[in-house]
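So the chains spell out like this:
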Amino acid sequence: MTNHNHGHNHEAPHSHGHASAFEDMLSVEQAFDKVIASFQSLEYEEKPLLDCIGQVLAEDIRSPLALPPLANSGMDGYAVIQADIVGASPAKPSNLSVIGIVAAGHMPDKTVVPGTAIRIMTGAPVPNGADTVIPFEETDEVERKREGKPLDRVQIFADMPFGCNVRPAGEDVSVGMLVLEKGTSIRAAEVGVIASLGMDKVKVIRRPVVAVLATGDELETTGTPLSGGRIYDSNSFSVAASIISSGGVPRILGIARDNLGDLNAKLEAAVGSDLVITSAGVSKGDYDIVKDVLNERGEMNFWSVRMRPAKPLAFGHLNGSGGKNIPLLGLPGNPVSAMVAFEMFARPAIRTMLGKSRIFRPMIDGVLTASIRNDDGRRVYARVEVELKNGEYQATPTGPQGSNILTSMSKANGLAICPDDLSGKDAGEVVQIIMLDWNEEVQV
Ligand code: AMP
Ligand code: MG
């Protein structure tokens, strides 16, 4: 695990003139393995059911009851004894005496005996004695109503099989059954299943709190006028949004200026979070300050990852209070690099903390409609729009692939991969694509 760490943390702090000599050059997999090793599933919390969507069950759910609790009717009709309707047809109906009615939510107060029937509604318990329900459509009910006849008798027009339209007790769930396993992600269907057992709270793995810190003298806060030479801080927002869609809770720490004092002060607010994500200040030219501060406050590694975009990456730990170290991931500053590095490293880490068994995005094979170039032996993640056309997934690069071109990220629903060892992929070639989205707008 650690053979790529040449102990550069112990270099003199101002070794930046030779920074590249001390950098670790890692494959995406090597960097990923080192990052993910620091994360595990968090503790559980008990919460109201509807607050748990997207979280992972921390307990097995066993049923305290049978579902349905009683045998009940699957149709509006007549509860009968099947032996009474053998051979019934419109020409030769079975004629029964109607002795009562039972609606959903009420218990029948009579027993069906030979020659009798009870009118029954969908979901109502099947009365004792009855074994079969004949829907209204197979009786003279409609005709009787139209003609104003009393409903004290009924003619059955169909010979239906024993048990027809009766939903047996425990058909869906039996008492004590393991209904949902620990580790299951809670979606709408699971919310429904849990509610059907009468439970209003569940134990789930808690969501990680992820602190977000932007760094840079050039950054301006949104909502304020832009002064000369500055740009708005977009990384705090794209990263926070990515944290939310990964299932974490962002804690925005703001913008740290490129000086020791400010960076130190802003990092104080990270205490108590499960992960800190910074952006910028980790590339060759300018990582001195971030590097110095982080090394002083914990143990950091600065890597070059063989990927494009998002080559520079920092990962390590801040020494927390009470001996609790907080993992820190330093994303590159360029807006697309920050998002792609988040995808590759932060999202799987957050999903690991959430207790998810699936931590990766779905991948598909698609056909390129235009080429992707790879000039320097890094793995390329090209922003593409994937569409289903003529029965195949077609991937079209969304324009200029510079790591500062954030709008081309917005147009993309996937990242097409050109392997490290290829000089490119041509139009017509099949590529693997990490799907960032499977939404209705893009019909894939
Ligand atoms: P750096 O890693 O500090 O050299 O930053 C690389 C590039 O990303 C520079 O052009 C920065 O201006 C830009 N950048 C850094 N942080 C942000 C941010 N929070 N929002 C938008 N752009 C940023
Ligand atoms: Mg900077």
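Parameters at a glance
- Residues numbered from 1 in each chain as written.
- Chains lettered and ligands numbered in written order.
- Predicted model: local features only at pLDDT ≥ 70, side-chain atom pairs only at ≥ 80, totals over all residues.
- Heavy atoms only, no water.
- Salt bridge = Lys/Arg side-chain N within 4 Å of Asp/Glu carboxyl O.
- Buried < 20%, exposed > 50% of the residue type's maximum accessible area, 1.4 Å probe, protein only.
- Helix = DSSP H or I, 4+ residues; strand = E, 2+ residues; numbered from the N terminus.
- Axes fitted to C-alpha atoms, helices over the stretch in contact; angles between N-to-C directions.
- Left-handed = near helix turned anticlockwise from the far one by under 90°.
- Contact = heavy atoms within 4.5 Å.
- Nonpolar A, V, L, I, M, F, W, Y, C, P; charged D, E, K, R; others polar.
- Pairing = 2+ DSSP bridges.

**Quick notes on the pattern of salt bridges**
- The full count for this structure, using the stated rule, is 18 salt bridges.
- Here Arg187 makes a salt bridge to Glu190, at a shortest N to O gap of 3.0 Å.
- With a relative accessible area of 51%, Arg187 lands in the exposed category.
- Owing to a relative accessible area of 9%, Glu190 belongs among the buried residues under this scheme.
- Residue Glu220 is joined to Arg230 by a salt bridge in which the shortest nitrogen-to-oxygen separation is 3.5 Å. Highlighted residues: Glu220 in strand β14 (residues 219-220) and Arg230 in the loop between β14 and β15 (231-232), separated in sequence by 10 residues.

**Examining the packing of helix α2 (residues 28-36) against helix α8 (residues 335-353)**
- At a closest axis distance of 10 Å, the pairing of α2 and α8 adopts a crossing angle of 35 degrees. The hand of the α2/α8 crossing is right-handed. The residues of α8 that touch α2, namely those facing Val28, Ala31, Phe32, Val35 and Ile36, are Met344, Phe345, Pro348, Ala349 and Thr352.
- Among the residues making up the contact of α2 with α8, the classes are represented as nine nonpolar, one polar and no charged.

**As for the sheet that holds strand β18 (residues 298-305)**
- If you walk across this open sheet you meet the seven strands as β1-β18-β20-β21-β17-β13-β16, and the pairing is mixed. What marks the edges here is a single partner per strand, and that holds for β1 (24-26) and β16 (249-256). When the angles between neighbouring strand axes are averaged without regard to direction, this sheet yields 25 degrees.
- Across seven bridges, the pairing between strand β13 (residues 209-215) and β16 is parallel. Counterpart to Val212 in the pairing with β16 is Ile252.
- Strands β13, β16, β17 (275-279), β20 (312-318) and β21 (326-331) of the sheet are contacted by helix α6 (residues 260-268), whose axis makes an angle of about 160 degrees with β16.
- This element, α8, spans β13, β17, β18, β20 and β21 of the sheet and lies at about 160 degrees to β21.

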